[in-house]
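Chain residues, written in single-letter form:
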Amino acid sequence: MAVKWMHMEENQSVLNADRFDKRRFNEMMDLSQELQKLRDGAAMPMFEPLLGDMWASFYKMKPAVLDEVAESLEVNRMIMDAIMEDPGFEDHRKSTRLNDWASAAGTIKTGEKAHEWLIRKSERNEGLRGLMEQMAAQTQEEQSPENGESDTPEAASELSGKLKETLQENLDSFREAMGQAHEEARQAEEGVKSMLGGLDAGKAEAELKKVPLRDKILLAEKIATDRRMQEIADWAGRFKEAAVQKQKVKQRRSEAKEGVTIGTDIENLLPSEFSLYTHPLTKTDFLRRFSEGETMQFEQKGPEQLNKGPVVLCLDQSDSMSGLDAQSKGFALALMSIAKKQKRDFCIVLFSTRVQAFKYERGEIGAAEIIRLAETYLRGGTDFEQALGEALAVIGESRFKRADIVFVTDGKDRLTDEFLERFWREKKEKSFQVLSLLIGTSRETVESFTDRVVQIEDFDDEGSFTAFEV
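Attention in this report is confined to the structure presented alongside it. Predicted model only: the values in this text are computed from it and were never measured. (Residues numbered from 1 in each chain as written. Predicted model: local features only at pLDDT ≥ 70, side-chain atom pairs only at ≥ 80, totals over all residues. Heavy atoms only, no water.)

### Topic: helix α4 (residues 74-84)
Put simply, the test is: Exposure classes here rest on a 1.4 Å probe applied to the protein chains alone. A residue is buried below 20% of its type maximum, exposed above 50%, and partly exposed in between. A run of DSSP states H or I qualifies as a helix once it reaches four residues; a run of E qualifies as a strand once it reaches two. Both are numbered from the N-terminal end.
Of all 11 residues that make up α4, 10 are buried, and the element is covered over most of its length. Turning to α4, its buried residues are Glu74, Val75, Asn76, Arg77, Met78, Ile79, Met80, Ala82, Ile83 and Met84.

### Topic: the packing of aromatic side chains
When we look at a pair of aromatic rings, we describe it by the centre distance and by the angle of the planes. The condition is simple: Two rings from Phe, Tyr or Trp (for Trp, the six-membered ring) form a pair when their centres sit within 6.5 Å of each other. Planes less than 30 degrees apart are called stacked, planes more than 60 degrees apart edge-to-face, and all others tilted.
What the rule picks out here adds up to 21 aromatic pairs. With a centroid separation of 6.4 Å and 45 degrees between ring planes, the pair formed by Phe25 and Trp55 is classed as tilted. On the criterion of sequence distance, the pair formed by Phe25 in helix α1 (residues 19-31) and Trp55 in helix α3 (residues 47-59) is long-range, its members being 30 residues apart. Across the pair, Trp55 and Phe25 agree in class, each one buried. Centre to centre, the rings of Phe331 and Phe459 are 5.1 Å apart; their planes meet at 50 degrees, and the pair counts as tilted.

### Brief notes about the pairing of strand β6 (residues 404-409)
Within a regular strand, the side chains alternate between the two sheet faces. Put simply, the rule is: Strand pairing is defined by DSSP finding a minimum of two bridges between the two strands.
Here β6 lies mainly inside the structure; six of its six residues are buried. Residues Asp404, Val406 and Val408 point to one face of β6 and Ile405, Phe407 and Thr409 to the other, with burial holding for every one of them. The pairing of strand β3 (residues 311-316) with β6 spans five bridges and is parallel. Paired with Val311 across the strands is Asp404, a residue of β6. Bridging between β6 and strand β7 (residues 434-439) involves five bridges; their strand directions are parallel. Opposite Phe407, over in β7, you have Ser436 as the bridge partner.

### Observations concerning the sheet that holds β3
Going by this rule: Note on method: axes are straight lines fitted to C-alpha atoms, helices fitted across the in-contact stretch only, with angles between N-to-C directions ranging 0 to 180 degrees. Whether two residues are in contact is decided by their heavy atoms, any of which lying within 4.5 Å being enough.
In space, the six strands of this open sheet follow the order β5-β4-β3-β6-β7-β8, with mixed pairing throughout. Every other strand in the sheet has two partners, leaving β5 (355-360) and β8 (452-456) as the edge strands with one partner each. Going from strand to strand, the sheet's axes swing by 15 degrees on average, the running direction of each strand aside. Across six bridges, strand β4 (residues 346-351) lies against β5 in antiparallel orientation. Of the residues in β5, the one forming a bridge with Cys347 is Lys359. Lying over the sheet, helix α15 (residues 325-341) contacts β3, β4, β5, β6 and β7, oriented at roughly 160 degrees with respect to β4. In the packing of helix α16 (residues 367-374) onto the sheet, contacts are made with β4 and β5, and the angle to β5 comes to roughly 160 degrees.

### A word on a negative patch on the surface
Definition in use: Here the term patch refers to residues with relative accessible area over 30% and no salt bridge, with like charges joined within 9 Å and nonpolar side chains (Val, Leu, Ile, Met, Phe, Trp, Tyr) within 5 Å. In short, Shrake-Rupley with a 1.4 Å probe defines the accessible areas, and a residue's cover is counted only from the protein chains shown. Here, a salt bridge means any Lys or Arg side-chain nitrogen found within 4 Å of an Asp or Glu carboxyl oxygen. A residue counts as positive if it is Lys or Arg and as negative if it is Asp or Glu; His and the chain ends are not included. To locate a charge, the coordinates of NZ of Lys, CZ of Arg, CG of Asp or CD of Glu are taken.
A surface patch of negative charge is lined by Glu385, Asp417, Glu418 and Glu421. The dominant element in the negative patch, judged by the number of residues it contributes, is helix α18 (residues 417-430), at three residues. Locating Glu421 in the fold gives a position in helix α18.

### Re the pattern of salt bridges
Considering all chains together, one arrives at 40 salt bridges under this definition. Note that Arg39 and Asp40 form a salt bridge whose closest N and O atoms lie 2.9 Å from each other. In this structure, Arg443 and Glu447 form a salt bridge, with 3.0 Å as the shortest nitrogen-oxygen distance. Accessibility expressed as a relative area gives 31% for Arg443, which makes it partly exposed. Residues joined in a network through salt bridges with shared partners are Glu273, Asp285, Arg288, Arg289 and Glu292.

### Some remarks on the packing of helix α13 (residues 271-278) against helix α14 (residues 283-291)
Note the threshold: Relative orientations are named as follows: roughly parallel for angles under 35 degrees, roughly antiparallel for angles over 145 degrees, roughly perpendicular for angles from 65 to 115 degrees, and oblique for any other angle. In this scheme, a crossing is called left-handed if the near helix is turned counterclockwise away from the far one by less than a right angle; it is called right-handed if the turn is clockwise. Each residue gets one label: Ala, Val, Leu, Ile, Met, Phe, Trp, Tyr, Cys and Pro are nonpolar, Asp, Glu, Lys and Arg are charged, and the others, such as Gly, are polar.
In contact at an axis separation of 6 Å, α13 and α14 are set at 125 degrees when each is read in the N-to-C sense. Classified by the angle between their axes, α13 and α14 sit oblique to one another. As α13 packs across α14, the resulting crossing turns out to be left-handed. Here Glu273, Leu276 and Tyr277 of α13 lie close against α14, whose contacting residues are Lys283, Phe286, Leu287 and Arg289. Among the residues forming the contact of α13 with α14, the class breakdown is four nonpolar, no polar and three charged.

### Some details on the packing of helix α6 (residues 100-124) against helix α11 (residues 213-225)
With their axes 9 Å apart at the nearest point, α6 and α11 run at an angle of 30 degrees to one another. By the angle class used here, α6 and α11 are roughly parallel. The way α6 lies across α11 gives a crossing that is right-handed. Facing Asp100, Trp101, Ala105, Ile108, Lys109 and Glu112 of α6, the residues of α11 in contact are Leu213, Lys216, Ile217, Ala220, Glu221, Ala224 and Thr225.

### With respect to the nonpolar core
Here is the rule we go by: Put simply, a nonpolar core is a bunch of buried Ala, Val, Leu, Ile, Met, Phe, Trp, Tyr and Cys residues held in one set by side-chain atoms that sit within 4.5 Å of each other.
Counting 103 residues, the largest nonpolar core has Leu219, Leu313 and Phe468 as its most contacted members. What Phe468 contacts, discounting residues up to four positions off in sequence, is Phe239, Ala242, Ala243, Lys246, Gln247, Phe331, Ala334, Leu335 and Ile338. With 26 residues, the next largest nonpolar core counts Phe351, Ala387, Leu392 and Phe419 among its residues.

### Remarks on helix α17 (residues 384-395)
Inclusion rule: The length a helix should cover is 1.5 Å for every residue beyond the first.
Counted at 1.5 Å a residue, the expected span for α17 with its 12 residues is 16 Å, and the 16 Å between its end C-alpha atoms agrees. Listed in full, the buried residues belonging to α17 are Phe384, Ala387, Leu388, Gly389, Ala391, Leu392, Val394 and Ile395.

### Some thoughts on unusual backbone geometry
Even without being glycine, Arg402 reaches a positive phi, approximately 65 degrees. Positionally, Arg402 belongs in the loop between α17 and β6. Overall, the relative accessible area of 51% leaves Arg402 in the exposed class. Even without a glycine there, the phi angle at Ser431 is positive, about 55 degrees. Note that Ser431 resides in the loop between α18 and β7. On the accessibility criterion, Ser431 (38% relative accessible area) is partly exposed.

Given below as structure tokens:
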């Protein structure tokens, strides 16, 4: 097992890292499985201290490489020099300074790219590969309980010299790898904000402060290492922007001015009343009427109750919908963010020829639940009756009384008259509405249980954003 950075007998950092930095990095290591994998699978010696230096370089306000380090750390110093001299490094640090989870994401991608680069170079360099294999074998021997302390300074020095030579000869390709690491880490950071940061982009940082550190690191490393999770995060961010715009339109409509009445609301006075106030001959009469509440003003409608009941999203996961899976998950997260902002309970009913329901109280969802949802896909055929039956069962629970249903499918199915009769009876009793988003197919079946049908090409179609008004 690797020894933790802060517990080394000598200082094994090549940066101006203090005891707090080292202790905090060890906490990140304990929380992050990806950092642990990088540490345990390292192909070069002193890789854990290097990971610690990477983290400190992102986290500290003013990181600096030390002028003098032990010979065994010369390679680490060269690597940190190359990383910190990269043009994209300081730009990346705008989002990582004093941000432990974002620094962890940066370390995961930087460590991953550095290790991949090293493996590629060793595959082309027999001498380097041989030294690395020799050092790994000696290190394993050293850690074996049957063996006493093994002194391997000569092998370590030889490997360090070879690594240094390799880095000097291939500095451009290393910096290119680091540039890619910075870009991918920034994407992971934005993905975390899209998934956990709430509906309002301007309040994403404040929302993230409420999220446990373990959740942020878990999601950041998942997005950083899983292209599909990154795609879902990208769609979630795009759909949240659309949701914000739809909610603004809805708010404006709810506060629309309808006719004329009398009153003393200055903001809604008719322009003609302001003219009377500004004219010396009519000002006194205006003031008399205003004091008696008889001035003319626009009548304000509402505002109507915007924070309605819970939301039940029935999402088709049959085989034919698999190509839209990432879009659909991003769409679901955006719809859930509305529920979270308005403190509405939210349920996703995934369906094919079977169903699986996920319930989120007040629209709250943690990182582990996001990952579970992202990794769930049912496959199979299409069974509307099972999906709608599950939705009715959910609405039957006290928490989901008066819920709205958003039903998304690209297929069609046959519903029995008996089921439709039961559905409409319960729909009337429980006063819920059904919006169906239909992806390029016949309207006939969904019209039999829906208040409104919107046909769309995919989730990025403007029509699908209708759901963000529920």
